[in-house]
Amino acid sequence: MAIHRLSGLTQLRQSFAALLSGQAALAFLPALTLLAFWIGGEMALIAASAALPLLFLAGQRFSGNSQAHQDALGGILQRSAFEELTEQVFQTAHSRGRLSATCFIALEGLDQIIERHDQTAADTVLRQSGERLQGALRDDDLIGKMGEARFAVCTAPVRQLDLELCIQLAGRLQSALEKPFFVDGVTIYLTASVGFCLNTRTPGGDGAAWLAAAATALRSAQRRGPSSIRAFSDQMRRETESRAERREEVAQALDSGQIQPWFQPQISTDTGQITGFEALARWNHPVQGMIPPSDFLPAVEEAGLLERLAEVMMYHAFAALKAWDGSGTVVPQIGVNFAGGELANPRLIDKITWELDRFDLPPDRLAIEVLETVVASTADDVITRNINALRKLGCRIDLDDFGTGHASIASIRRFSVSRIKIDRSFVMKADRDPDQQRMISAILTMAERLGIETLAEGVETVGEHVLLAQLGCDHVQGFGIARPMPFEQTLDWIARHNAKLQDVPRIMNGRAT
């Protein structure tokens with residue numbers, strides 16, 4: 001692949017390397033030593049004989065450094081060389097009024113290839129990916145390897161290039177990478193996301209800002225899901241700046257107590273009594289007021305503070321249990337959500353055990369809420385060991401958002417799930433939709449056969465509540481029961497709810513009617 005004009009220093013170095021390390025230098029070596037003897041006698045001959053091999057080795061070193069700009073993936077540039085040449089392309093395009101684009105490309109699924117096959121298979125896929133990118137581009141376009149599973153492209157400056165042509169280019173690169181790979185008789189599929197930026201839309205005045213804009217577009221594409229394409233825009237820049245500010249704020253909020261759990265009750269469909277609460281993170285911002293979880297939880301994850309959030313939630317959840325106990329209120333358990341990253345912490349069991357001992361609480365008062373997607377997709381032995389260890393400790397394991405992932409019956413049994421929480425997408429309008437009713441019935445039948453309790457999330461109407469009770473769902477939770485509330489409001493709500501139960505007639509072994 002041809003490379004655009006190099007800097008003057010690079011050209012001089014390469015010329016020097018070619019002069020000293022090529023075959024011509026070897027051909028002239030006898031003549032040079034003879035010339036040295038003719039001019040300076042024996043001393044000059046000795047000096048030339050010592051110096052010329054050193055010069056030849058220096059030429060080889062310069063030549064080697066020049067070759068080191070290219071990666072082992074057959075002509076793909078290393079990051080430093082790619083960034084240097086992209087800067088030159090940017091300045092050339094700017095000075096001549098030409099158009100160019102940079103693309104950042106992420107291969108998605110490489111980790112799974114390493115897990116299912118080995119590193120050699122992944123290396124083969126990366127090499128073939130580089131070859132496919134070269135085949136989809138012109139000879140004077142640049143390709144760089146920017147990470148373990150990331151490539152970047154910088155197109156040669158041209159007179160005409162617009163958003164539509166860039167989208168077509170991105171689609172061509174994506175299609176080339178998503179064709180099946182054949183490695184040792186095995187067919188491997190990957191997806192690729194692409195972010196790109198035209199040089200005329202660069203938020204800064206150099207190649208580094210240009211590449212950063214393409215990387216921002218790639219991150220935006222990946223947030224939309226696998227195999228996505230996004231173009232950089234000013235809105236992305238503003239969102240990126242906003243997320244950076246949010247990450248800084250969220251760290252302070254965790255330390256200052258602005259982020260705390262609110263509690264949503266769960267009740268029995270059989271007796272109407274409270275069977276637990278779920279602790280849900282809420283951020284009471286001193287200026288902006290209540291910030292919804294959808295706005296700040298991604299910032300917590302991006303800032304690497306999920307573990308800190310879990311600590312905060314667990315502390316306040318256990319404090320709430322002790323306060324309820326102290327008031328004589330019966331709350332059997334509390335649910336705390338744990339993400340995959342937290343469940344992969346080797347010290348998780350010790351931390352939870354320490355907190356339970358600190359508050360003098362038995363393990364069965366804590367329900368570990370795990371997303372179904374974590375159970376369905378995890379191949380992490382640490383996660384498996386942690387969940388099973390928590391179950392053996394006595395904690396309950398709740399499978400959250402059931403129905404949104406692909407957890408198998410084997411996974412449910414492997415993780416010793418205590419209860420499945422039926423996702424609200426199945427509950428919505430179930431009292432009026434026969435298809436929803438059939439889906440819920442199938443889930444409840446499966447759970448009954450496995451001896452697992454059930455809870456329906458997102459119950460908003462009396463009709464949904466009644467239907468779920470009739471179908472045999474054990475517990476319900478949702479706005480139709482109560483919205484999440486700060487701890488200070490829970491005691492009054494519990495008192496009002498229990499007062500209502502006193503007025504309900506009891507028949508058939510205590511069932512509320």
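Here, every reference points to the structure presented above.
Throughout what follows, the structure given in this document is the object of discussion.

Tallied over the full model, the rule gives one cavity of 30 Å³ or more. Here the largest cavity is characterised by a volume of approximately 70 Å³. Forming the boundary of the largest cavity are Glu307, Ala310, Glu311, Met314, Phe338, Glu342, Asn345, Leu348 and Lys351. The set of elements that each furnish at least two residues to the lining of the largest cavity consists of helix 10 (306-326) and helix 12 (348-359). Here the lining of the largest cavity gets four residues from one element, more than from any other, and that element is helix 10. Per-class residue counts for the lining of the largest cavity are four nonpolar, one polar and four charged.

Before going further, it helps to examine the sheet that holds strand 6 (residues 191-198). Read from one edge to the other, the open sheet built from five strands follows the order 2-3-1-6-7, with strand pairing classed as mixed. Taken across any chain shown, the strands that pair with only one partner, and hence form the sheet edges, are strand 2 (142-147) and strand 7 (229-231). The sheet shows a mean angle of 20° between the axes of neighbouring strands, taken without regard to direction. Here eight bridges tie strand 1 (residues 101-108) to strand 6, and the two strands are oriented antiparallel to one another. When the bridges of strand 6 are listed, Ala106 appears paired with Ser193. Contacts from helix 7 (residues 207-223) reach strand 1, strand 3 (150-154), strand 6 and strand 7, with the element oriented near 140° to strand 6.

A few words on the pattern of salt bridges. Under the defined criterion, the tally for this structure stands at 16 salt bridges. Among the salt bridges present, the one from Arg438 reaches Asp435, with a minimum N-O distance of 2.3 Å. Taken as a pair, Arg438 and Asp435 lie in helix 17 (residues 434-450) at a separation of three residues, close to a single helical turn. Taking the relative accessible area as the measure of exposure, Arg438 reaches 53% and is therefore exposed.

This brings us to the packing of helix 10 against helix 19 (residues 487-502). Helix 19 packs onto helix 10 with a crossing angle of 35° between their chain directions and a minimal axis gap of 11 Å. Note that helix 10 runs across helix 19; the crossing there is right-handed. Judged by residue contacts, Ala320, Ala323 and Trp324 of helix 10 engage Phe487, Thr490, Leu491 and Ile494 from helix 19. In terms of residue class, the contact of helix 10 with helix 19 is built from six nonpolar, one polar and no charged.

A separate point is helix 6 (residues 163-178). Owing to its 3.6 residues per turn, the α-helix brings residues three or four apart onto one side. In a regular helix each residue adds 1.5 Å, so 16 residues correspond to 22 Å; helix 6 covers 22 Å between its end C-alpha atoms and thus fits that length. Among the residues making up helix 6, those that are buried are Cys166, Leu169, Ala170, Leu173, Gln174, Ala176 and Leu177. Angular distribution of buried residues about the axis of helix 6 spans 160°; they occupy a single face of the element. Where helix 6 is buried, its residues contact strand 1, helix 5 (119-136), strand 3, strand 4 (181-183), strand 6 and strand 7.

Now for the pairing of strand 1. The buried fraction of strand 1 is high, at eight of eight residues. Burial of strand 1 is two-sided: the residues Ala101, Cys103, Ile105 and Leu107 facing one way and the residues Thr102, Phe104, Ala106 and Glu108 facing the other way are all buried. In the sheet, strand 1 pairs with strand 3 via five bridges, with the strands oriented antiparallel. Bridging across to strand 3, Ile105 finds its partner in Phe151.

What counts as what
- Residues numbered from 1 in each chain as written.
- Predicted model: local features only at pLDDT ≥ 70, side-chain atom pairs only at ≥ 80, totals over all residues.
- Heavy atoms only, no water.
- 1 Å grid on protein atoms, 1.4 Å probe; cavity = no way out; pocket = protein on both sides within 12 Å on 5 of 7 lines; lining within 4 Å.
- Points joined across faces, edges and corners; volume = space filled by probe spheres on them.
- Helix = DSSP H or I, 4+ residues; strand = E, 2+ residues; numbered from the N terminus.
- Nonpolar A, V, L, I, M, F, W, Y, C, P; charged D, E, K, R; others polar.
- Pairing = 2+ DSSP bridges.
- Axes fitted to C-alpha atoms, helices over the stretch in contact; angles between N-to-C directions.
- Contact = heavy atoms within 4.5 Å.
- Salt bridge = Lys/Arg side-chain N within 4 Å of Asp/Glu carboxyl O.
- Buried < 20%, exposed > 50% of the residue type's maximum accessible area, 1.4 Å probe, protein only.
- Left-handed = near helix turned anticlockwise from the far one by under 90°.
- Expected span 1.5 Å × (residues − 1).
- Arc of directions from axis to C-beta.

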